[in-house]
Protein chains: 2
Amino acid sequence: MVASSLLLAATALLLRTGSAQTFRRLGTCPTLGCILPPDQADFLSGQYFDIRVEIHAPLNGSEATNSPPDEKFTLTIEKEGGRRAADVSNYFRTEEPKLEKWQFSWYEDLFAQDAKTPTIVNVTSKAWRYVQLTDPGEYTATLTWSGGETVASWLVRDMDTSRKAKNVILFIGDGMTTNMITAARHLGHKSINGIFQSRLALDKFPVPTLTHSIDSFITDSANSASALYSGHKSSANALGVYADSSKSPFDDPKVELISEIFSRKYGAKIGVVSTAYIADATPGGLSAHTRLRSEYGAVVDSYLNSVANYTWTDIEGVDVLFGGGAEQFYPPSLGGVTYQDKDYYAEFAEKGYSLAQNKTSLQSLPNDKKALGIFTVNNLPVWLDRNVYPENLKLGNSPDGLKTDQLDPPGLKDMTLKAIDILQTRSEGKGYFLMSEAASIDKQMHSMDYDRALGDLLELDDTVKATIEKLKKDGTLKDTLILVTADHGHGFDVAGGVDTLYLEKQEGDREKRGAIGTYQESGLSQYVVGEQKTEGFPADWDPRYTFHSGLATFPDHRENYKVHKEGPRTPAINLKLLGSSDYYVNYKDAVTGFVVNGTLPIGESQGVHSLTDVPVYALSGPCQDLFSGSFNNIDIFFGMAECLGLSEKGTRGRRGRWGKGRRKNGWGDDDWMVW
Amino acid sequence: MVASSLLLAATALLLRTGSAQTFRRLGTCPTLGCILPPDQADFLSGQYFDIRVEIHAPLNGSEATNSPPDEKFTLTIEKEGGRRAADVSNYFRTEEPKLEKWQFSWYEDLFAQDAKTPTIVNVTSKAWRYVQLTDPGEYTATLTWSGGETVASWLVRDMDTSRKAKNVILFIGDGMTTNMITAARHLGHKSINGIFQSRLALDKFPVPTLTHSIDSFITDSANSASALYSGHKSSANALGVYADSSKSPFDDPKVELISEIFSRKYGAKIGVVSTAYIADATPGGLSAHTRLRSEYGAVVDSYLNSVANYTWTDIEGVDVLFGGGAEQFYPPSLGGVTYQDKDYYAEFAEKGYSLAQNKTSLQSLPNDKKALGIFTVNNLPVWLDRNVYPENLKLGNSPDGLKTDQLDPPGLKDMTLKAIDILQTRSEGKGYFLMSEAASIDKQMHSMDYDRALGDLLELDDTVKATIEKLKKDGTLKDTLILVTADHGHGFDVAGGVDTLYLEKQEGDREKRGAIGTYQESGLSQYVVGEQKTEGFPADWDPRYTFHSGLATFPDHRENYKVHKEGPRTPAINLKLLGSSDYYVNYKDAVTGFVVNGTLPIGESQGVHSLTDVPVYALSGPCQDLFSGSFNNIDIFFGMAECLGLSEKGTRGRRGRWGKGRRKNGWGDDDWMVW
């Protein structure tokens, strides 16, 4: 009935003319011979069902046939490992049903609908009613007719037949998402310094991670990094400290990080991998202690010298540091902006780090030396540009500061697998902690470039898969807790499909919106039609029918719902000609699209973080049980710490002993004496 | 540092002037004496940290004091069950730190910022560095100064100290939500008839429920109900059938529902509760088999007569039916639209049902009789109108069709607890299946009335809590599987806070957007400030600082981000004067707000369903383990069926025997013989 727009427009609640999408003759039937239940149906053993077959003979349109529908089709059923295929009436010992005939019509696309040229389809059909399968296993139903053959695989699930519960109470929150649960929690329950004082009933059971910070319900990446790595909620922009009100960004009260505790107690090795500039908050949070994440130079220094400069334990620098952000490494003479104007490539080299500056040299790094890999001036290019639109790599962003193109950048998987090699070798069985960040899920969501954001999400998934396979092969999976989580969310969702060809051909902004199809008119994903050259990634990033995506709050922008082939998206621009710092819609971003005025402040050029809970997956190895149940983001720290045996048992408070190698060449104890 | 806008505007990455929100002097410090780490901080035993205290003395503004900040404050620490409070320097055996002094400034709100009138604050402070607590338990830190006392409760978590894992690999998908994971899955993995042929690596581990339907990636409530209740994916608008292409909406091939199987095998009793009109898809899916959910009269008939009319097993009607939708019950003479023009109150009464038409009569229904409770003409009023704005109940929607006001409507909790009483009594130990739907989470999200939607989500949570308490008390919790899930999502999220007073005072649409604060300027939830009269619900639905909420795709609308006190929201209207069926922004919906042009087709008056995965919680009782791991919505059916022992083991296919009481007075076997 999905197909018969003409017939049903008067009665179907959700079917609307004027919007449409990947129209289908009959949703379950890609060929002209249809079996219902269709291919891939699962059955409870003993569950009753009807069977219907249909033969379609379109009179016109792209599938037109010159003959009426076959009346002598046959349907057979065969169980795998059972007797050979039997005619369906024999199989169910029922009489042969009467032949039925009817006609229906449908529109092949929105252009056909505008032109009022429906396709007429003649149908022959039979229905076998009220049958059941009680022998678990795989079944094949085969429909044979004059035009061909349709095969449906059915599975009767093999399940325990004993009864465990007497009753079921099924609550359905119609349309309820984790995003709404998060918002409702903030409506009904008080939070003090980031900790809820009461909870939802739902929170007593497995839920994703809460991300809100100590003084606002929206977090930034710095204070969520603090929560994940230290177990302490903090404020926006703060890394590993509680923000005080003093002037110095380095005197705020610090808390020890999991990387520091794990090194201190076990001599474990630390690896930091990110597709962002490496001084960014999520990587930086593993070594820096500052109220201001934007103190990038000092963050980079902390990877090498820990926070010895700022009155803290003396931890050897990280063993692996892979990412972008070369401008905090090459000296000011090349345009760099570094801590105390030093050359940080030289600083790292002096401490025995080997250096990689592209994918090729990354892969040949020795596994027994500390390693620094910095691959671009700023963030690394995303999966989509590296793999589909390599022309966009020509950015003059080589990590040496010489402004040549980086045409051999690594991806998250390359960096992560190499980091594991080095950490395994160097930790000599003492253990390692590796943080691997898919940073551009966030960065591309900010700029509303959903294709690039989701491409990097798929790259993260691909990296997780390769990591598990690698550790399985070398036998260390059982020793290694693998977690996947996010630090916060964006209010992104998809609500339908878009006929981008139809959208492009319409003139007015309001007319263009007619290209969007919702519910049954969304159709199925067209991104995976055709050969997928890389497993788990789209076959086609630029199909005619795309996702109708959006953010819940946004700057001024235009939408044509097509992939941005020329490079990452810029939704809004600063019109300097107008002498203003306000952002306006960027016409060039989607010339064929329509304007959407923003809901965020006009000073915002991009989207912003959102409130929603985020998922946490404990993927393998020991301690998975510590990550089930209700979570605040600080519980990820405590779960990791418990798994690693980082908790101590003593009898009272202690002042720490200062680290042996503590230096005083930067901000130090005296810097908080400011009036 | 959140407070010091003036100081940090030049350096803070995320702090923007021009947008602001619930400004705070210092986020962790609601009084003038501050302890860092603040109240509610948790510590790993042995984790090093710094302590900072600050005494604030504002020179001007609402908190102005006439004296300089105290320089002789004291901080003590005491462990619960330990010795009495000790001075912090003694406690950690460290020397007394030097006194520090500084000054900072902040703006109390956006009006102060526009007027350039900052508040100046003088500060005295001390910091104790590099201390640790190694004795797990609860600690109290008390700051005493000339102006008062601040108390912070700290917890040193008591955890296993043994080491279980050697390594940790932490993957962070920056900004990654379940909504994005869902979209990415559809980008990278093929689905046939609703079943993915490959999966994300992440999907190997606990994830929420996938909701997409057989022929489109966006589901409606009918086909998701089919998946939940039958284990078979279907098409939009279809209930308990695979949609074929024939004209009749009643001849499509059917699959047996969990309610039918459970009744057939064990004589279990079925209860259906919803805050929607009771013929709606989510309740209707438990008894109807039709391609068109809009055949409301036939859906209601199926509750009473099962689908005997349409060639199917003969199941006794449901034992409990509570909800709205009286217009499918009272006869056409009163304006009803019923199946075969019958009076369905009379039809149900004839079969022995007792009837309730308000909350009072609901509560006095006998527990040993079948029960029908129909409370309003259409959907039931939402929690917010029943409890906060009762004037909005005056709708002339009494369930008798006489157009008087229903001033005594029940809520979801009332209906659910009564349904359990009746089902427990009538099932006589044979078991029952109760479906309880919070329908207006969806209905109010459609009309972008986020307050009403989230209020009903909190009511669902309250109902779940009361249900668990009830079953715990009567001893049946161990026999009863309690599940909470959703049938699909909406692209809703919150991305900041709004100063609604400031918004109202600005003139232009672009200026009004300056009232929105993001990140640290979001502030904390103002909905729970003050006394919460009902536990788990807001103290104030109309605070000055509200949520900055939105949908990812939407019709034309206006936003002022305030609760709609006059009744449910109407974002877009049909301007009949223009002779068009297009929807335009409804000015009256948010007079003080600004316009947002839609991204949905102009024929849409509301928001639509979205792609996102939804959560599933197995809350108590047996079989919780069947609901962990990766899920498609059909797996909820199979999990419930396994838990109830509904699977059979036989050796082959069987044709069913027709139900004994099968009638032929409606659509029947012959109706699919149409050409």
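Calculation notes
Residues numbered from 1 in each chain as written. Chains lettered and ligands numbered in written order. Predicted model: local features only at pLDDT ≥ 70, side-chain atom pairs only at ≥ 80, totals over all residues. Heavy atoms only, no water. Least-squares fit on C-alpha atoms with pLDDT ≥ 70 in both. Contact = heavy atoms within 4.5 Å. Helix = DSSP H or I, 4+ residues; strand = E, 2+ residues; numbered from the N terminus. Buried < 20%, exposed > 50% of the residue type's maximum accessible area, 1.4 Å probe, protein only. Axes fitted to C-alpha atoms, helices over the stretch in contact; angles between N-to-C directions. Parallel < 35°, antiparallel > 145°, perpendicular 65-115°, else oblique. Nonpolar A, V, L, I, M, F, W, Y, C, P; charged D, E, K, R; others polar. Pairing = 2+ DSSP bridges. Buried area = accessible area lost by both parts, 1.4 Å probe. Salt bridge = Lys/Arg side-chain N within 4 Å of Asp/Glu carboxyl O. pLDDT = per-residue confidence, 0-100. Left-handed = near helix turned anticlockwise from the far one by under 90°. Polar contact = N/O pair within 3.5 Å; in protein donor to acceptor, adjacent residues only side chain to side chain. Disulfide = S-S within 2.5 Å.

Asker: Which residues make up the relation of the copies chain A and chain B, and what values do they have?
Answerer: Screw-axis analysis of chain A against chain B gives a translation of 0.0 Å along the axis, an RMSD of 0.0 Å, and a rotation angle of 180°. Classification of the inter-copy transformation places it as that of a two-fold axis. In terms of C-alpha distance to the rotation axis, chain A has Ala552 of chain A as its closest residue, with the C-alpha 2.1 Å off the axis. Same-surface contact between copies: 100% of interface residues of chain A are shared with the interface of chain B.

Asker: Outline unusual backbone geometry, supporting the account with residue identities and numerical values.
Answerer: Looking along the chain, the bond that leaves Leu36 of chain A and enters Pro37 of chain A is cis, with omega of -5°. Inspection of the secondary structure puts Pro37 of chain A in the loop between β1 (33-36) and β2 (42-44). The residue Lys403 of chain A is not glycine, and still its phi comes out positive at about 65°. As for its placement among the helices and strands, Lys403 of chain A is situated in the loop between α11 (383-387) and α12 (412-427). Phi at Lys116 of chain B is positive, roughly 55°, even though this residue is not glycine. With respect to the helices, strands and loops of the structure, Lys116 of chain B is situated in the loop between α3 (110-114) and β7 (119-133). Residue classification places Lys116 of chain B among the exposed positions, given a relative accessible area of 67%.

Asker: Summarise helix α4 (residues 178-188) of chain A; cite the residues concerned and give the values.
Answerer: With eleven of eleven residues buried, α4 of chain A is to be regarded as a mostly interior element. Of all the residues in α4 of chain A, the buried ones are Thr178, Asn179, Met180, Ile181, Thr182, Ala183, Ala184, Arg185, His186, Leu187 and Gly188 of chain A.

Asker: Before we move on, could you go through the packing of helix α5 (residues 221-230) of chain B against helix α17 (residues 633-643) of chain B and cite the residues and values that matter?
Answerer: Residues and elements named next belong to chain B. Where α5 meets α17, the closest approach of the two axes is 6 Å, and the angle between their N-to-C directions is 30°. One element, α5, and the other, α17, form an angle in the roughly parallel class. Listed contacts from α17 to Ser224, Ala227, Leu228, Tyr229 and Ser230 of α5 are Asn633, Ile634, Ile636, Phe637 and Met640. Within the contact of α5 with α17, the residues separate by chemical class into seven nonpolar, three polar and no charged.

Asker: Describe the sheet that holds strand β21 (residues 516-517) of chain B, naming the residues involved and giving the relevant values.
Answerer: With antiparallel pairing, three strands are arranged side by side in an open sheet as β21-β20-β22 (chain B). With partners counted over all chains shown, the strands left at the sheet margins are β21 and β22 (545-551) of chain B, one partner each. Pairing of strand β20 (residues 492-499) of chain B with β21 of chain B, which is carried by two bridges, proceeds in the antiparallel orientation. Each residue of the ladder has a partner; that of Val498 of chain B, found in β21 of chain B, is Ile516 of chain B. The strands that α4 of chain A touches are β20 and β22 of chain B; relative to β20 of chain B, the one it contacts most, it runs at about 35°.

Asker: Tell me about the interface of chain A and chain B, and name the residues and values.
Answerer: Taken together, the 267 residues of chain A in the interface contact 268 residues of chain B. When the two sides are added together, the surface that chain A and chain B hide from each other amounts to roughly 24400 Å², 60% of it contributed by carbon and sulfur. Counting across the interface, chain A meets chain B through twelve salt bridges. Salt-bridge contacts for Asp556 of chain A lead to Arg510 of chain B; the nearest nitrogen and oxygen are separated by 2.7 Å.

Asker: Quick one: what's the story with the confidence of the model for chain A, residue by residue and with numbers?
Answerer: Any segment with low pLDDT has predicted coordinates that should not be analysed in fine detail. Residue and element names in this part refer to chain A. With 89% of its residues at a pLDDT of 70 or more, chain A shows a mean pLDDT of 86. A low-confidence stretch, residues 1-21 (pLDDT under 50), is modelled with 70 contacts involving residues beyond four sequence positions or located in other chains. With pLDDT under 50 throughout, residues 657-675 is counted as low confidence; its partners more than four residues away or in other chains account for 53 contacts. Our summary of model confidence lists the complex with pTM equal to 0.88 and ipTM equal to 0.86.

Asker: Before we move on, could you go through the packing of helix α12 (residues 412-427) of chain B against helix α14 (residues 450-474) of chain B and cite the residues and values that matter?
Answerer: Residues and elements named next belong to chain B. Axis separation between α12 and α14 bottoms out at 9 Å; the angle between their running directions is 30°. Taken together, the axes of α12 and α14 are roughly parallel relative to one another. The chirality of how α12 crosses α14 is right-handed. Seen from α12, the contacting residues are Leu412, Lys413, Thr416, Leu417, Ile420, Asp421 and Gln424; seen from α14, they are Glu459, Leu460, Asp462, Thr463, Ala466, Thr467, Lys470, Leu471 and Asp474.

Asker: Any chance you could break down the pairing of strand β10 (residues 167-173) of chain A for me, citing the residues and the numbers?
Answerer: With seven of seven residues buried, β10 of chain A is to be regarded as a mostly interior element. Because side chains alternate across β10 of chain A, one face comprises the buried residues Asn167, Ile169, Phe171 and Gly173 of chain A, and the other comprises Val168, Leu170 and Ile172 of chain A, equally buried. Here β10 of chain A runs beside strand β19 (residues 480-485) of chain B; their pairing, made up of six bridges, is parallel. Directly across from Ile169 of chain A, in β19 of chain B, lies its bridge partner Ile482 of chain B.

Asker: Any details on the sheet that holds strand β27 (residues 616-620) of chain A? Residues and values, ideally.
Answerer: Pairing within the open sheet is mixed, and its eight strands lie in the order β16(A)-β17(A)-β15(A)-β14(A)-β18(A)-β10(B)-β19(A)-β27(A). Since the sheet does not close on itself, it has two edges, and those belong to β16 (354-356) and β27 of chain A, each with one partner. Taken pair by pair, the neighbouring strands of this sheet meet at an average axis angle of 10°, ignoring direction. Taken together, the four bridges between strand β15 (residues 320-324) of chain A and strand β17 (residues 371-374) of chain A define a ladder with parallel strand orientation. Paired with Leu321 of chain A across the strands is Leu372 of chain A, a residue of β17 of chain A. On top of the sheet, helix α17 (residues 633-643) of chain A reaches β18 (432-438), β19 (480-485) and β27 of chain A together with β10 (167-173) of chain B; it is set at about 175° to β19 of chain A, its chief contact.

Asker: How would you explain the side chain of Arg52 of chain A if you had to name every residue and give the values?
Answerer: With respect to the element layout, Arg52 of chain A can be found in strand β3 (residues 48-58). We classify Arg52 of chain A as buried; its relative accessible area is 0%. One polar contact links Arg52 of chain A to Glu100 of chain A, side chain to side chain, over a distance of 3.1 Å. Of note is the side chain of Arg52 of chain A, whose polar atom sits 3.0 Å from the side chain of Asp251 of chain B.

Asker: So what's going on with the state of the cysteines? Which residues, and what values?
Answerer: Scanning all chains against the criterion turns up four disulfides over all chains. Bridging Cys29 of chain A to Cys34 of chain A, the disulfide has an S-S length of 2.2 Å. Taking the sign of the S-S torsion, about -75° here, the bridge from Cys29 of chain A to Cys34 of chain A comes out left-handed. Across the pair, exposure class does not vary: Cys29 of chain A and Cys34 of chain A are buried alike. Residue Cys623 of chain B pairs covalently with Cys643 of chain B via a disulfide, S to S 2.0 Å. Since a negative S-S torsion denotes a left-handed disulfide, the Cys623 of chain B-Cys643 of chain B link at about 80° is right-handed. Of this pair, Cys623 of chain B sits in the loop between β27 (616-620) and β28 (631-632) while Cys643 of chain B is found in helix α17, placing the two residues 20 residues apart along the sequence. Counting only the cysteines that take part in disulfides, in the order they occur along chain A, gives the pairing 1-2, 3-4.

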